[in-house]
Amino acid sequence: MIRTLIVDDEFHAREELESLLLETGEFVITGKCANALDAMKAIKKEKPDVVFLDIQMPVIDGFEFLGMIEEELMPHVVFVTAYDAYALKAFDENAIDYLLKPVEKDRLTKTIHKLKKSIDAGHRPAIYSNPEIKRIPCIFHNRIKLINMSDIEYVRSSQAGIYVVCPPGEFYTELTLKVFETRTNLIRCHKQYLVNLDHVDEIILHEYKQAEIKMKTSKLVPVSRRYLKILKEKMAF
Amino acid sequence: MQVFLHLIQAMSIFIVVAYLYCKSPWFKPLTTESLSSKDKVYLYFFFSAISIMGTYLGLPVQDAIANTRAIGPVLAGLIGGPLLGTAVGFTSGLHRFSYGGFSAFSCGLSTTIEGTMAGIVHLYLIKKHRSESIFDPRIAFAVAFVGEVIHMAITPVFSRPYADAVELVKVVAIPMTVSCSVGAALFVSIIRDQKNTYDRIAAVSSGKAFQIAQRSLNILSRGINQQTATDLAKIIHEETGVGAVAITDKEKVMAFIGCGSDHHLPGSFIASPLTKQAIYENKVIFIDGIDNQYVCPLSETCPLNSVLVVPLQIDDEVIGTIKLYEPRNTRFLNINKSLGEGITNLLSNQLLISRYQMQKNLLLRSELKLLQAQVNPHFLFNSLNTIISILRNDADRARDLLIHLSMFLRNNIKRVNDISTLEEELDQVKSYLKIEKARFEERLAIEMNIDPNLLKQKLPTFTLQPLVENAIKHGISNMLEGGTVRINAYRLNGSTFIEIEDDAGAFQGEIGSGGLGIKIVDKRIKALFGNDFGTVLSCVPSELTKVTINVPMEAS
């Protein structure tokens, strides 16, 4: 059985795809998500084998969404779209397959075939080497708020999750620290912190090789011994 | 008495000169409002010649000359100002001085004074905004009269022996004063009459041109075709009064009005080689009917024998001709010739403007097509997918949605009229929203608040739907928990306002004008109702995006 996540912003589209997939008897549906943020959460939690992904979604489209998923968590991807302007691009992105809405059963059978072949052969899902992430989706007032990378001072991880810190405040995001570290210009300075050098005012050195970063907004960010050296190099001390 | 007769003779010669002068091309500058310095040089020579001629035509009296020299400088001063007057007076005075005689100096001096004095009168009249009085014969009379009186007064002062001078003045004073004054007055009156004739002709022809321009304006905005060409030809025929008027395109006669219309038939191919030549060479061709005869290629009994062919052009490209004809018994008037050319220029300009307008409308239409096309594929397939899904559980609802989808599509294809009522627009929006509601379900709420009196309000077709679609596509669909679209229509201060708003407040871009879709809607409203109306976009980030449409209220 293939563990499957369905991501589509339309309720009936999710229902229809679920029905079609279940009818084949090949799938277990681990979740149905209406937007990219929910989908990130679901991927981290359920680690599905495959995601059936709508491309046109609110705020973060399918492609952008894939660029925000950690390599280890990346599932196989089948694009599902209403309009085939995206089809070519989908193949550029090395997706297993793409389906057009409304989905035809015979066409779905072919997709399942490709999918099983790839999974049985133990192929790792393709990596979506997207360009640098420029804007971070965060939850704000029940909406997805996009924060420009250049506005972010630092990112911190806590028990409650990952928070993006900007001059006006903190915002919750589903992106992992690993994604920030590999796909943005933020620099790791601590196990739980990444910092945007453009917002750094100074590094305050304490005794015993301890240090703190003072941001231009006077906020303090801890620096661990392990990352201090790298940080100094980056700041060209 | 003999002196008198002699001076009247001399004066008569001037009158003839004045008459000839008025008929010559050198008279042209006097018909305009202001004189160029080149014109003044011509006038200097002309009036100096007149004045010197006055000396030569004079009668020797007691070692002096009874003469009409004063007319030249007086006229020069009156017409051209103090500089010209003084120059003419001085030139002629110097000539007289060189002539000799006991009164040589006083004569030369007084001629110069007379020119300067007339020039001062000229300045005075200009300053008092009475420039039309410059050509008043009474003024010319008065100036010459006063000038000659001064002349007579000066003579005994500067001429020796004094007794001879007094004797001379006694003999010549009356004849010279009278003949100079009357001569100057007559000369000016001839110039004035000729000038008036010119003005009258100019007034008549510009009046006609204006009439034609005004009447043809509306016709040409419809572009040029057989009907508009016929209407135009009628107007030109009526206003110019020529024998016949024809309008052709590059191949055929589009319209023919006037005598000869029995065989010059609209729709037939161009027969005249003159017209073909005018089109081919893009030049005006004129056959005056005197030196050259127009020979009708169609009928031997054709009464027309003179013609003017003017090419009609847009952007330097000949698109046809306008032809003016006169029959055998009528001379082709110069005024009609220049009118014909002027009108054609005017029409060429108007055609250019109307072509530009047409292209602008075409652009609006194609933009509209683009707008409609943008709606289709994504919306359509997602809708079908939604309906297929609903079909599993609720066949009735699926059927209902299919009916709305058909209605929406039919309207999108069918509505070719540019203008719809608010009611029709709302019907289209309702079909659209019904389907969007099924797609987004609880994520989309809809509120409508429409003043029922406004349902007949006229709007450009496809005003509402693109805006509602924007509100969903760029607004509500980006809200995780969904949102509300509101459509309000109400009257305020004699205008009708229609608002489309969403509570996403996600608009990013130019506040006021909005994106492409809104700009097209705005342009079409302005095209229909004028620049006082249109759309305005306002946005409170994360709270509200609102497009307000303002159109004039229908008279109920």
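Residues numbered from 1 in each chain as written. Chains lettered and ligands numbered in written order. Predicted model: local features only at pLDDT ≥ 70, side-chain atom pairs only at ≥ 80, totals over all residues. Heavy atoms only, no water.

### Topic: the overall build of chain A
- Tallying secondary structure elements over chain A gives 7 helices and 15 strands in all.
- Here chain A holds 237 residues, and 52% of them are scored as buried.
- Within chain A, contacts between residues at least 6 apart in sequence are counted, and of these 58% link residues at least 24 apart.
- On chain A, roughly 11,500 Å² of surface is accessible, and the fraction owed to carbon and sulfur atoms is 49%. (Helix = DSSP H or I, 4+ residues; strand = E, 2+ residues; numbered from the N terminus. Buried < 20%, exposed > 50% of the residue type's maximum accessible area, 1.4 Å probe, protein only. Contact = heavy atoms within 4.5 Å. Areas by Shrake-Rupley, 256 points an atom, 1.4 Å probe, with all protein chains shown as cover.)

### Quick word on the interface of chain B and chain A
- Counting residues at the interface gives 25 residues for chain B, matched by 23 residues for chain A.
- In total, about 2,200 Å² of surface goes out of reach between chain B and chain A, with carbon and sulfur atoms giving 52% of it.
- On inspection of chain B and its partner chain A, the count reaches 3 salt bridges.
- At the level of secondary structure, the elements contributing two or more residues to the side of chain B that touches chain A comprise α11 (334–391) and α13 (422–440) of chain B.
- The residue inventory of the side of chain B that touches chain A, partitioned by class, reads 10 nonpolar, 8 polar and 7 charged. (Buried area = accessible area lost by both parts, 1.4 Å probe. Salt bridge = Lys/Arg side-chain N within 4 Å of Asp/Glu carboxyl O. Nonpolar A, V, L, I, M, F, W, Y, C, P; charged D, E, K, R; others polar.)

### So, the packing of aromatic side chains
All names here are of chain B.
- Applying the stated rule across the entire model yields 19 aromatic pairs over all chains.
- Measuring from ring centre to ring centre gives 5.1 Å for F286 and F332, while their planes differ by 75 degrees; the resulting arrangement is edge-to-face. Of this pair, F286 sits in strand β5 (residues 285–287) while F332 is found in the loop between β7 (317–327) and α11, placing the two residues 46 residues apart along the sequence.
- Accessibility expressed as a relative area gives 28% for F286, which makes it partly exposed.
- Residue F332 is classed as buried on the basis of its relative accessible area of 4%.
- Relative to F497, the ring of Y490 lies with its centre 5.7 Å away and its plane at 20 degrees, an arrangement referred to as stacked.
- Y490 sits in the partly exposed class, given a relative accessible area of 28%.
- Among the residues examined, F497 registers a relative accessible area of 16% and is labelled buried.
- Taken together, the ring pairs connect Y21, F46, F47 and F187 into an aromatic cluster.
- One cation-aromatic arrangement involves K252 over F269; the distance from NZ or CZ to the ring centre is 5.1 Å. (Phe/Tyr/Trp six-rings, centres within 6.5 Å; stacked < 30°, edge-to-face > 60°. Lys NZ or Arg CZ within 6 Å of the ring centre and 35° of its normal.)

### A short note on the pattern of salt bridges
- Applying the stated rule across the entire model yields 34 salt bridges over all chains.
- Across the pair E64 of chain A and R135 of chain A runs a salt bridge whose closest N-O atoms are separated by 3.0 Å. Of the two residues, E64 of chain A sits in helix α3 (residues 62–66) while R135 of chain A sits in strand β6 (residues 135–140), which places them 71 residues apart along the sequence.
- For E64 of chain A, a relative accessible area of 21% puts it in the partly exposed group.
- When its relative accessible area of 28% is taken as the criterion, R135 of chain A is described as partly exposed.
- The salt bridge involving E72 of chain A is made with K178 of chain A; its shortest N-O contact spans 3.2 Å. A residue pair is termed long-range when its members are at least 10 positions apart, and E72 of chain A in the loop between α3 and β4 (76–81) and K178 of chain A in helix α6 (residues 177–183) qualify at 106 residues.
- Among the charged side chains, a salt-bridge network with shared partners connects E16, E23 and K105 of chain A together with R392 of chain B.

### Notes on the confidence of the model for chain A
- In the predicted model, chain A carries a mean pLDDT of 87, and 92% of its residues have values of at least 70.
- For chain A, per-element mean pLDDT is lowest for helix α4 (residues 87–92) of chain A, which scores 60, and highest for strand β1 (residues 2–7) of chain A, which scores 96. (pLDDT = per-residue confidence, 0-100.)

### Examining helix α14 (residues 464–475) of chain B
- With 12 residues, α14 of chain B should reach 16 Å at 1.5 Å per residue; the first-to-last C-alpha distance of 16 Å fits that figure.
- Within α14 of chain B, 9 of the 12 residues are buried, leaving the element largely enclosed by the surrounding structure. (Expected span 1.5 Å × (residues − 1).)

### Some points on the side chain of N488 of chain B
- One can find N488 of chain B in strand β11 (residues 483–492).
- If we skip the residues at most four places from it in the chain, N488 of chain B touches N449, I450, F497, I498, E499 and E501 of chain B.

### A look at the side chain of E16 of chain A
- Note on placement: E16 of chain A falls in helix α1 (residues 11–24).
- If near-sequence neighbours (up to four positions away) are discounted, E16 of chain A is found in contact with N385, I388, S389 and R392 of chain B.

### Some words on the pairing of strand β5 (residues 97–100) of chain A
All names here are of chain A.
- Only one face of β5 is buried, namely the one carrying D97 and L99, since none of Y98 and L100 on the opposite face is buried.
- Here β4 pairs with β5 via 4 bridges, running parallel. Across the sheet, the residue bridging to V80 is L99, located in β5. (Pairing = 2+ DSSP bridges.)

### Overview of the packing of α13 of chain B against α14 of chain B
All names here are of chain B.
- Where α13 contacts α14, the two axes come as close as 9 Å, and the packing angle between them is 25 degrees. Comparing their axes, α14 and α13 come out roughly parallel. By crossing handedness, the relation of α13 to α14 is classed as right-handed. Note on element contacts: α14 touches α13 through L464, Q465, V468, E469 and I472, opposite L422, E425, L426, Q428, V429, Y432, L433, E436 and F440.
- In the contact of α13 with α14, the residues fall into 9 nonpolar, 2 polar and 3 charged. (Axes fitted to C-alpha atoms, helices over the stretch in contact; angles between N-to-C directions. Parallel < 35°, antiparallel > 145°, perpendicular 65-115°, else oblique. Left-handed = near helix turned anticlockwise from the far one by under 90°.)

### A closer look at the environment of A95 of chain A
- By the secondary structure assignment, A95 of chain A is in the loop between α4 and β5.
- Between the C-alpha atoms of A95 of chain A and V78 of chain A, which are 17 residues apart in sequence, the distance is 6.0 Å.

### Examining the sheet that holds strand β14 (residues 211–215) of chain A
All names here are of chain A.
- As summarised here, the arrangement of the 3 strands in space is β13-β14-β15, forming an open sheet in which the pairing is antiparallel. Looking at the sheet topology across the chains shown, the edges are occupied by β13 (200–205) and β15 (220–223). Neighbour to neighbour, the strand axes of the sheet diverge by 25 degrees on average, direction disregarded.

### Here we look at the pairing of β4 of chain A
Residues and elements named next belong to chain A.
- Counting buried positions along β4 gives 6 out of 6 residues, so the element sits mostly inside the fold.
- Neither face of β4 is exposed, since H76, V78 and V80 on one face and V77, F79 and T81 on the opposite face are all buried.
- Relative to β4, strand β3 (residues 50–54) runs parallel, the two sharing 5 bridges. Its bridge partner lying in β4, F52 is registered against V78.

### Overview of the nonpolar core
Residue and element names in this part refer to chain A.
- Formed by 44 residues in total, the largest nonpolar core has its most connected members in L53, F65, I136, V164 and F180.
- Per-element tally for this core: the top contributor is helix α2 (residues 36–46), with 6 residues.
- Setting aside its immediate chain neighbours within four residues, V164 contacts I136, C138, I147, I152, Y154, V155, G169, E170, F171, T173 and F180. (Core = buried A, V, L, I, M, F, W, Y, C linked by side-chain atoms within 4.5 Å.)

### Considerations on the sheet that holds strand β6 (residues 304–314) of chain B
Residues and elements named next belong to chain B.
- Taken in spatial order, the 5 strands make up an open sheet running β4-β3-β7-β6-β5, and their pairing is antiparallel. Each edge of the sheet is formed by a strand with only one pairing partner; in this case those strands are β4 (253–258) and β5. Going across the sheet, the axis of each strand differs from the next one's by a mean of 10 degrees, ignoring polarity.
- Here β6 runs beside β7; their pairing, made up of 10 bridges, is antiparallel. Bridge pairing in β7 places V309 opposite K323.
- Along the sheet face, helix α9 (residues 226–240) touches β3 (244–249), β4 and β7 and points at about 30 degrees away from the line of β4.

### Comments concerning the packing of α1 of chain A against helix α5 (residues 105–120) of chain A
Residues and elements named next belong to chain A.
- Direction vectors running N to C along α1 and α5 enclose 65 degrees, while the axes themselves pass 11 Å from each other. You can see that α1 and α5 cross each other, and the crossing is right-handed. Where α1 abuts α5, its residues L20, L21, E23 and T24 lie against K105, L108 and I112.
- Its residues assigned to classes, the contact of α1 with α5 shows 4 nonpolar, 1 polar and 2 charged.

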